[in-house]
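# Descriptive analysis of the structure
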Amino acid sequence: MTLLYLIFVILFGFTALVLLIIRRSGDQRKASGANLNQITLIIPFRNEEKNLPFLLSDLREQKELPGKMLFVDDHSTDRSADFVSDYVSVNDKCYLIRLPDSRTGKKQAIKFGLEKTESEFSLTLDADVRLNSDFFSRLEINPSDDLQIRPVIMTSKNFFGNFFATEYLFFNSLNYVFSPVFVMSASGANLLFRNSTFRETSTLITHEHISSGDDYFLLRSFQLRNAKVSVSNELSQAVATESVSSFAQYLNQRIRWLGKTKSVRSMPESVMGITVFLYLVGGVLSLTYLLIQGEYTAVVSLFVIRFVVDTTIFLGYTLRLKQGFKVVFLLLFQIIYPIIFLLVVIGALCYKPQWKGRKIS
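Residues numbered from 1 in each chain as written. Predicted model: local features only at pLDDT ≥ 70, side-chain atom pairs only at ≥ 80, totals over all residues. Heavy atoms only, no water.

### Thoughts on the nonpolar core
If you look at the biggest cluster of nonpolar residues, it comprises 63 residues, and the most contacted ones within it are Leu147, Ile149, Phe170 and Phe178. In terms of residue count, helix α5 (residues 159-177) provides more of this core than any other element does, seven residues in total. Ignoring sequence-local partners within four residues, the contact set of Phe178 consists of Phe12, Thr15, Ala16, Leu19, Met184 and Met272. Ile43, Leu65, Ala81 and Met154 belong to the second-largest nonpolar core, a separate cluster that totals 35 residues. (Core = buried A, V, L, I, M, F, W, Y, C linked by side-chain atoms within 4.5 Å. Buried < 20%, exposed > 50% of the residue type's maximum accessible area, 1.4 Å probe, protein only. Helix = DSSP H or I, 4+ residues; strand = E, 2+ residues; numbered from the N terminus. Contact = heavy atoms within 4.5 Å.)

### Let's talk about the packing of aromatic side chains
With the rule as written, the count across this model stands at 21 aromatic pairs. A network of ring pairs unites the aromatic residues Phe170, Phe171, Phe277, Phe333, Tyr337 and Phe341 as a single cluster. A cation sits over an aromatic face here: Lys68 above Tyr95, 5.6 Å from the ring centre. In this structure, Arg306 packs its charged tip against the face of Tyr279, placed 4.3 Å from the ring centre. (Phe/Tyr/Trp six-rings, centres within 6.5 Å; stacked < 30°, edge-to-face > 60°. Lys NZ or Arg CZ within 6 Å of the ring centre and 35° of its normal.)

### Remarks on the environment of Phe112
Looking at the element boundaries, Phe112 is found in helix α4 (residues 106-114). In this structure Phe112 comes out as buried when scored by relative accessible area, which is 10%. Between the C-alpha atoms of Phe112 and Ile141, which are 29 residues apart in sequence, the distance is 24 Å.

### Thoughts on helix α9 (residues 267-293)
For an α-helix, the turn length of 3.6 residues means that residues three or four places apart are oriented alike. With 27 residues, α9 should reach 39 Å at 1.5 Å per residue; the first-to-last C-alpha distance of 37 Å fits that figure. Of all the bends in α9, the greatest measures close to 30 degrees and is centred on Gly282. Three or more residues of α9 are buried, namely Glu269, Met272, Val276, Tyr279, Leu280, Val281, Gly282, Gly283, Val284, Ser286, Leu287 and Leu290. Downstream of α9 by a residue or two, Gly294 has a phi angle that is positive, lying close to 75 degrees. (Expected span 1.5 Å × (residues − 1). Bend = angle between axes of the 7 residues up to and from the residue.)

### Brief notes about helix α7 (residues 214-224)
Here α7 lies mainly inside the structure; ten of its eleven residues are buried. Taken residue by residue, α7 has Asp214, Asp215, Tyr216, Phe217, Leu218, Leu219, Arg220, Ser221, Phe222 and Gln223 as its buried positions. The inward-facing, buried residues of α7 abut α4, β7 (147-149), β9 (190-194), α6 (195-201), β10 (229-231) and α9. Immediately beyond the C-terminal end of α7, within one or two residues, lies Asn226, with a positive phi of roughly 60 degrees.

### Some thoughts on the packing of α5 against helix α8 (residues 247-258)
Interhelical geometry of α5 versus α8 gives an angle of 20 degrees and a closest axis separation of 11 Å. On the basis of the axis angle, α5 is roughly parallel to α8. Counted together, Phe164, Glu167 and Tyr168 of α5 and Phe247, Tyr250, Arg254 and Trp257 of α8 form the full contact between these two elements. (Axes fitted to C-alpha atoms, helices over the stretch in contact; angles between N-to-C directions. Parallel < 35°, antiparallel > 145°, perpendicular 65-115°, else oblique.)

### Here we look at the side chain of Gln253
When you line up the elements, Gln253 lands in helix α8. If we ignore the near neighbours within four places in the chain, the residues touching Gln253 are Met154 and Val244.

### A closer look at the environment of Ser144
Residue placement: Ser144 occurs in the loop between β6 (140-141) and β7. Take Ser144: its relative accessible area is 40%, and that puts it in the partly exposed class. Linking Ser144 and Cys94, residues 50 residues apart in sequence, is a C-alpha distance of 28 Å. Only 2.6 Å separates the side chain of Ser144 from the side chain of Asn142, close enough to count as a polar contact. (Polar contact = N/O pair within 3.5 Å; in protein donor to acceptor, adjacent residues only side chain to side chain.)

### Describing the pattern of salt bridges
Under the criterion given, the structure shown has 14 salt bridges. Measuring nitrogen to oxygen at the nearest pair gives 2.7 Å for the salt bridge that ties Lys106 to Asp126. With Lys106 in helix α4 and Asp126 in the loop between β5 (121-125) and β6, this residue pair connects regions lying 20 residues apart in the sequence. Residue classification places Lys106 among the partly exposed positions, given a relative accessible area of 24%. Taking the shortest distance from any N to any O, the salt bridge between Asp146 and Arg194 comes out at 3.3 Å. With Asp146 in the loop between β6 and β7 and Arg194 in strand β9, this pair connects stretches of sequence that are 48 residues apart. Here Arg194 falls in the buried class, since its relative accessible area comes to 13%. Taken together, the shared-partner salt bridges in this structure form one network comprising Arg103, Lys111 and Glu115. (Salt bridge = Lys/Arg side-chain N within 4 Å of Asp/Glu carboxyl O.)

Interpretation note: all reported values are geometric properties and have no functional meaning in isolation.
Below, the structure written as structure tokens:
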């Protein structure tokens, strides 16, 4: 079993290296500066009074802004809409719109925003992200892209938060490296797409009963129709958001994210999911087996090989984002994460998380 896993890791690492080289050569195609008048910014929000003041402050500091900005209120019960109203009153590019009582949820909020725009592209941001002052002035679009998955950097000031942020970066690294074969995930916190393609491919009616997953289902609908999807790791295109800082928050968030993937499974997605699962869980099983057998040299060798592969994948994505220093957390990753992952899977079977005061379907 251990030998098979070792061969699997080597093949996995070699494939990742080849794909990373392909990615780097593909990245030589330079995207052009975006026409901001052809971009609508859509920010859905619900009960974000703690985060919106920071985002609005960042928007005030922008050197340039999109042609139109829509804040879509998903039935907030706090002061969120008041903060946005103050901003809207002094910015003629910005509008506050509220979801009708008959429509709820982030998916409906984004769709409602799209009904109010005629631009070529839309950019969705979450209400809890932070932006550099040149975020929009340096925004780039490749003319052939229908969907651009843009980087999200999690930040934290404590150990647990940084570990969870590293886990998030590692999976984004896998997504980036393996994107020439199959794009596995997207984050609605920073997503740019062509509106005409969205209207042609949207399958909202098939999953509107599922509370979460606007980004996941958007990605899958684009892929099913062979739209051009790209994954970026350019720092100028990145947004930052605060990582969860406790294990309870982590479980609630990851169970909610895992719930996105329960309904739709394509063959490529299933193959990639099984491959990544074997890579992560197989490592801790193999190391445990070797420890029981007392083969300590083999334990060290396997650990080092896995760490080298993990590091290659991680740095291939994070160096441009200036997050490479978090590679130190990968020393714990192959031992701790599989256990945490199994807890998340078990938790998903018996626990319904809440988000913004609503249970997640």
